[in-house]
Amino acid sequence: MTVALETRNLVKRFGGFTATNDVSLTVESGARHALIGPNGAGKTTLINLLTGVLKPTSGQVIVDGEDITSLSSHRRVRRGIARTFQINQLFSGFTPLESVLLAINERDGFGRSAWRPLAAHLDATDEAVDLLERFGLSGVMGEKTGRIAYGKQRLLEIALAFASRPRVLLLDEPAAGVAEEERSEVLAIVRSLPAEVTVVLIEHDMDLVFSFADRISVLVAGVVMVEGTVGEIAADPRVKAVYLGEDAT
Ligand SMILES: Nc1ncnc2c1ncn2[C@@H]1O[C@H](COP(=O)(O)OP(=O)(O)OP(=O)(O)O)[C@@H](O)[C@H]1O
């Protein structure tokens, strides 16, 4: 098995507070790996360290065997790491089609003012339409994003991350805030992401975690308390103790 993503002894301190404490993770290529843990456990900090939003105090981030710790966020996207955010980051005045086309153009180096040949433009449009279909957005692709259902907005965020053709896709609570009646569609599309893309999921919804993940790491106070298969984590008394009295749904 090849390793897609690895952290070695990752530490992040904010002043005297240690948010990430000696985290060593190994995520195999094609894995469905969930990061769970109570509020404030350091999940978002870890994702920020993986994507380059934050620099670690010490330790390394390794993708496909290469140390990317010193690379900027932008360079990491080029190395195949894409993410979604817990909070909606979309341009509400754009249509889904416009947003996806922008993401494709950015990926292909035709950002902003660069001129794109007509044939390539048509290819990009075809790709955008296919991508929107995969994410259940065909019916709303011409509408202003701010007006479409919230579940569809969350799917658009995943589609935009996916447009960069990531090898590793980091999903930060993809179903957060989505109304009950829209959840099943979001969850089904997250589950049907192509097998070759390695996915790291941060999630509070245990139904999604247990139906999606093949491995789970449990973070508590910045430390990986336990890591294992879904069965191992579900049966672990330490995990039960952490979640006892917590709203883990
Ligand atoms: N920029 C910062 N400066 C100081 N402390 C921070 C900073 N960012 C995060 N922290 C602290 O680090 C800890 C971990 O926060 P983080 O957001 O990573 O947790 P989380 O597991 O993602 O929580 P949640 O599930 O609530 O999103 C928290 O105690 C938080 O207050």
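Residues numbered from 1 in each chain as written. Predicted model: local features only at pLDDT ≥ 70, side-chain atom pairs only at ≥ 80, totals over all residues.

The name given to the chain in an unreviewed UniProt entry is ATP-binding ABC transporter, and the organism recorded there is Rhizobium johnstonii.

### Looking at the environment of Leu160
Its location among the elements puts Leu160 in helix 5 (residues 150–163). When the C-alpha positions of Leu160 and Ser99 are compared, they lie 7.4 Å apart, and in sequence the two are 61 residues distant. (Helix = DSSP H or I, 4+ residues; strand = E, 2+ residues; numbered from the N terminus.)

### A few points about the sheet that holds strand 1 (residues 3–14)
Read across the open sheet, the four strands follow the order 2-1-4-5; overall the sheet is antiparallel. In this open sheet, the two edge strands, each paired with only one partner strand, are strand 2 (17–28) and strand 5 (66–67). The pairing of strand 1 with strand 4 (residues 58–63) spans five bridges and is classified as antiparallel. Bridge pairing links Arg8 to Gln60 in strand 4. Of the strands in this sheet, strand 1, strand 2 and strand 4 are in contact with helix 1 (residues 43–51), which crosses strand 2 at around 65°. (Pairing = 2+ DSSP bridges. Contact = placed C-beta atoms within 7 Å. Axes fitted to C-alpha atoms, helices over the stretch in contact; angles between N-to-C directions.)

### Describing the packing of helix 3 (residues 96–107) against helix 4 (residues 118–134)
Running from amino to carboxyl end, helix 3 crosses helix 4 at an angle of 120°, the nearest separation of the two axes being 9 Å. In terms of axis orientation, helix 3 runs oblique to helix 4. Note on packing geometry: the crossing formed by helix 3 with helix 4 is right-handed. In this structure, helix 3 contributes Pro96, Leu97, Val100, Leu101, Ile104 and Asn105 to the contact, and helix 4 contributes Ala124, Thr125, Glu127, Ala128, Leu131 and Leu132. (Parallel < 35°, antiparallel > 145°, perpendicular 65-115°, else oblique. Left-handed = near helix turned anticlockwise from the far one by under 90°.)

### Some words on the environment of Ser184
Take Ser184: it is sitting in helix 6 (residues 180–191). Taking the C-alpha atoms as reference, Ser184 lies 9.6 Å from Gly151; in sequence the two are 33 residues apart.

### Here we look at helix 1
Of all nine residues in helix 1, seven are buried; the element is thus mostly enclosed. Where helix 1 is concerned, the buried positions are Lys43, Thr45, Leu46, Ile47, Asn48, Leu49 and Leu50. Positive backbone phi, at 90°, marks Gly52, one or two positions downstream of helix 1. (Buried ≥ 20, exposed ≤ 12 C-beta atoms within 10 Å, placed from the backbone.)

### Focus: the sheet that holds strand 9 (residues 215–220)
Judged by pairing direction, the sheet is mixed, and its six strands sit side by side in the order 6-7-8-3-9-10 without closing on themselves. Where the open sheet ends on each side, the last strands, each with one partner, are strand 6 (81–83) and strand 10 (223–229). Within the sheet, the average angular offset between the axes of one strand and its neighbour, ignoring direction, is 20°. Where strand 3 (residues 32–36) lies against strand 9, four bridges are found, and the strand directions are parallel. Bridging across to strand 9, His33 finds its partner in Arg215.

### Focus: the site of the ligand
Close to the ligand lie Phe14, Phe17, Ala19, Gly37, Asn39, Gly40, Ala41, Gly42, Lys43, Thr44 and Thr45, which account for all nearby residues. Within the residue set of the shell around the ligand, elements represented by two or more residues are strand 2 and helix 1. Looking at the shell around the ligand, the element that brings in the most residues is helix 1, giving three residues. Classifying every residue of the shell around the ligand by side-chain character gives four nonpolar, six polar and one charged. (Near = placed C-beta within 6 Å. Nonpolar A, V, L, I, M, F, W, Y, C, P; charged D, E, K, R; others polar.)

### Quick word on the pairing of strand 7 (residues 168–172)
Burial analysis of strand 7 places five of its five residues in the buried class, which makes it a mostly covered element. Burial of strand 7 is two-sided: the residues Val168, Leu170 and Asp172 facing one way and the residues Leu169 and Leu171 facing the other way are all buried. Pairing of strand 7 with strand 8 (residues 198–202), which is carried by five bridges, proceeds in the parallel orientation. Bridging across to strand 8, Leu169 finds its partner in Val199.

### Considerations on the pairing of strand 9
Residues in a regular strand project their side chains so that they alternate between the two faces of the sheet. Judged from the six bridges that link them, strand 9 and strand 10 form a sheet pairing that is antiparallel. Within strand 10, the residue paired with Ser217 across the bridge is Glu227. A loop of two residues connects strand 9 with strand 10, the two strands running antiparallel in sequence, and Ala221 in this loop sits at a positive phi of about 50°.

### Topic: the domain arrangement of the chain
Split into domains, the chain comes out as domain 1 (1–80 + 168–249) and domain 2 (87–165). At the interface, 12 residues of domain 1 touch 11 residues of domain 2. Every element with two or more residues in the side of domain 1 that touches domain 2 is listed here: strand 7 and helix 6. If you tally residues by element for the side of domain 1 that touches domain 2, the top one is helix 6, at four residues. Partitioning the side of domain 1 that touches domain 2 into residue classes produces nine nonpolar, one polar and two charged. (Domains from an automatic or database assignment.)

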